[in-house]
Amino acid sequence: LATQRDRARRIGWSFVCLWFFIGGVAHFAATDTEIRLVPPWVPWPLAAVWVSGVLELLGAAGLLFAATRRAAGIGLFALTVAVTPVHVYMLQQPELFAVPYWALVLRVPLQIALLALIAWSTFAKRAAP
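Counting restarts for each chain: residues are numbered from 1 in the order of the written sequence. For this predicted model, a pLDDT threshold of at least 70 governs which residues receive local features, and a threshold of 80 or more governs which side-chain atom pairs are given and counted, while totals over whole chains, interfaces and linings are taken from all residues. The basis for every side-chain value is the complete set of heavy atoms in the structure, and neither hydrogens nor water enter the calculation.

### A short note on a nonpolar patch on the surface
Part 1: Patch building starts from residues that exceed 30% relative accessible area and form no salt bridge, then joins like charges within 9 Å and nonpolar side chains (Val, Leu, Ile, Met, Phe, Trp, Tyr) within 5 Å. Per-residue and other accessible areas follow the Shrake-Rupley method at a 1.4 Å probe size, with only the shown protein chains counted as cover for residues. In what follows, salt bridge is the name for a side-chain nitrogen of Lys or Arg lying within 4 Å of a carboxyl oxygen of Asp or Glu. There is a patch of nonpolar side chains on the surface, built from Phe28, Leu46, Trp50, Val51, Val54, Leu55 and Leu58 and spanning about 630 Å² of accessible area.
Part 2: The numbering of helices and of strands both runs from the N terminus, where a helix is a DSSP run of H or I of at least 4 residues and a strand a run of E of at least 2. Counting residues per element, the nonpolar patch draws most heavily on helix H3 (residues 45-63), which supplies six residues.
Part 3: Assignment of secondary structure puts Leu46 in helix H3.
Part 4: When a residue's accessible area, from a 1.4 Å probe over protein chains only, is under 20% of the maximum for its type it is buried; when over 50% it is exposed; and in between it is partly exposed. For Leu46, a relative accessible area of 33% puts it in the partly exposed group.

Here it is as structure tokens:
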């Protein structure tokens, strides 16, 4: 049972790692698109995109090592909560984005599921050697 749970957690944090690695790269590969998602009340949108991109990449890298996985998971959880206003802004101004409204609505439960997956797969304390 523990082995199955460990395997499931490994799959979980691997998914989270890939998710944030791809997302972090997108902040730099598609900066103009990412800036359009930043709510207008956020100062320095370019800096917000770059900083969040760096944090996503650092968090993804941190998940690769058992010694840093828990801290990386906590950081990615906090970052995911911190960027939630982007989803709210997109829901409030859907006409500004070339995304179907249903997809914007679906992002909310997916965000909650992502937070749950981050917490479940990374917050567990390491077993003693």
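### Here's the deal with the nonpolar core
Part 1: Nonpolar cores were defined as sets of buried Ala, Val, Leu, Ile, Met, Phe, Trp, Tyr and Cys residues, with membership established by side-chain atoms within 4.5 Å. Formed by Trp13, Val16, Cys17, Phe20, Ala60, Leu63, Ala72, Leu76, Leu79, Leu114 and Ile118, the largest nonpolar core amounts to 11 residues.
Part 2: Top element by residues in this core is helix H1 (residues 2-29). It accounts for four residues.
Part 3: The contact criterion used is simple: two residues touch if any of their non-hydrogen atoms lie within 4.5 Å. The contacts of Ala72, once residues within four sequence positions are left out, are Gly59, Gly62 and Leu63.
Part 4: Val86, Tyr89, Phe97 and Leu104 belong to the second largest nonpolar core, which has six residues in total.

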